[in-house]
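# Structural overview for review
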Amino acid sequence: MAFAHTAEVIRAEAALKAGGLGVRVMGPPPDMHTGCDMVVEFELLREPVARRILTEAGLAPLAVAPVRAGMLEPVSLYQTTDFGQWLMVRAANMKLTVDRQSRVIVNISGGGCPDVPALAELMVGRTLDEAPPPLSRGQTLCSYALELAFREAQRQLPAPPAGRDCGKSADRHASEGL
């Protein structure tokens, strides 16, 4: 499903997930340049249910297109770069870099939205478990893209089994004013 604006994609994703549908936000296939630079991917058999949910939420997609032969697949919004000790996850225009071993966020960059510096201040220096999810503090497209990068980093660098210390403790963060 393609929408006119990124904000509609974000609202559609939330509404469809709340309605019990499995959805993913992806980049549009190269041959589907309608609306913004993101699409909502879902199981086509669920289209009637999806349309009902979206109508109830006051949303209407610009286009619904099946992925089929001759049409390129939607593309992932994520790009990862392996810097050895660090893993950088890019989602749309936001980049999150994490120390692989300690899972500490070492850098946040990109965007241009007013909430990015505050989000970076809250998250850099904390582990993927300790940092607040970006959408808990931000409301812009940049915070949404950073949330996607954050979740992808958590998926790629899962927490170690309980009982293994893998970074700064909460007490150490408190003593450092974090």
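Look up a bit, the structure's there.
Residues numbered from 1 in each chain as written. Predicted model: local features only at pLDDT ≥ 70, side-chain atom pairs only at ≥ 80, totals over all residues. Heavy atoms only, no water.

The next subject is the overall build of the chain. When you go through the chain residue by residue, the secondary structure sums to five helices and six strands. Looking at the chain as a whole, 40% of its 178 residues are labelled buried. For the chain, the share of sequence-separated contacts (at least 6 apart) that also reach a separation of at least 24 residues comes to 53%. For the chain, the accessible area works out to roughly 9,500 Å², and carbon and sulfur atoms hold 53% of it. (Helix = DSSP H or I, 4+ residues; strand = E, 2+ residues; numbered from the N terminus. Buried < 20%, exposed > 50% of the residue type's maximum accessible area, 1.4 Å probe, protein only. Contact = heavy atoms within 4.5 Å. Areas by Shrake-Rupley, 256 points an atom, 1.4 Å probe, with all protein chains shown as cover.)

Here we take up the sheet that holds strand β3 (residues 78-83). The strand order β3-β4-β5-β6 describes an open sheet built from four strands, whose pairing is antiparallel. Each having just a single partner strand, β3 and β6 (105-110) make up the two edges of the open sheet. Sheet twist, expressed as the average angle between the axes of neighbouring strands with direction ignored, equals 15 degrees. One ladder, built from six bridges, connects strand β4 (residues 86-91) with strand β5 (residues 94-99); its direction is antiparallel. In the sheet register, arginine 90 faces β5, and the bridge partner there is lysine 95. (Pairing = 2+ DSSP bridges. Axes fitted to C-alpha atoms, helices over the stretch in contact; angles between N-to-C directions.)

This part takes up helix α4 (residues 141-156). Between its terminal C-alpha atoms α4 stretches 23 Å, which fits the 22 Å expected from 16 residues at 1.5 Å a residue. Taken together, the buried positions of α4 are occupied by Cys142, Ser143, Tyr144, Ala145, Leu146, Glu147, Leu148, Ala149, Phe150, Glu152 and Ala153. (Expected span 1.5 Å × (residues − 1).)

As a further point, take the state of the cysteines. Note: disulfide means a covalent bond formed between the sulfur atoms of two cysteine side chains. For the coordinates displayed, the defined rule picks out one disulfide. Across a sulfur-sulfur distance of 2.2 Å, cysteine 113 and cysteine 142 are joined as a disulfide pair. Between cysteine 113 and cysteine 142 the sulfur-sulfur dihedral comes to about 65 degrees; the bridge is accordingly right-handed. Of this pair, cysteine 113 sits in the loop between β6 and α3 (116-123) while cysteine 142 sits in helix α4, placing them 29 residues apart in sequence. For the pair cysteine 113 and cysteine 142, one class covers both residues: buried. (Disulfide = S-S within 2.5 Å.)

So, about the nonpolar core. Core analysis: the biggest nonpolar cluster contains 41 residues, and Leu16, Val40, Leu96, Ile105, Ile108, Met123 and Leu128 have the highest contact counts within it. Per-element tally for this core: the top contributor is α4, with eight residues. Those residues within four positions of leucine 16 in sequence are excluded, and the remaining contacts are Leu21, Val23, Val40, Ala50, Ile53 and Leu54. (Core = buried A, V, L, I, M, F, W, Y, C linked by side-chain atoms within 4.5 Å.)

Note on placement: glutamate 147 falls in helix α4. For glutamate 147, a relative accessible area of 9% gives the class buried. Apart from the residues within four sequence positions on either side, glutamate 147 is in contact with Pro133, Pro134 and Leu135.

Among the secondary structure elements, arginine 151 is positioned in helix α4. According to the relative accessible area criterion, arginine 151 is partly exposed, its value standing at 34%. C-alpha of arginine 151 to C-alpha of valine 89: the two residues are 62 residues apart in sequence and 9.7 Å apart in space. Ignoring sequence-local partners within four residues, the contact set of arginine 151 consists of Glu13 and Lys17.

Across its 13 residues, helix α1 (residues 6-18) extends 18 Å between first and last C-alpha, which sits within 8% of the 18 Å expected from 1.5 Å per residue. Buried residues belonging to α1 abut β1 (23-26), β2 (39-42), α2 (47-56) and α4. Following α1 by one or two positions, glycine 20 adopts a phi angle in the positive range, close to 90 degrees.

A few words now on the packing of α3 against α4. Remark: α3 packs on α4, axes separated minimally by 10 Å, with the N-to-C direction vectors making an angle of 30 degrees. With respect to α4, the element α3 is oriented roughly parallel. In the packing of α3 onto α4, the handedness of the crossing is right-handed. Across the interface between the two elements, Val116, Leu119 and Met123 of α3 pack against Cys142, Ser143, Leu146 and Phe150 of α4. Each residue belonging to the contact of α3 with α4 can be placed in one class, and the counts come to six nonpolar, one polar and no charged. (Parallel < 35°, antiparallel > 145°, perpendicular 65-115°, else oblique. Left-handed = near helix turned anticlockwise from the far one by under 90°. Nonpolar A, V, L, I, M, F, W, Y, C, P; charged D, E, K, R; others polar.)

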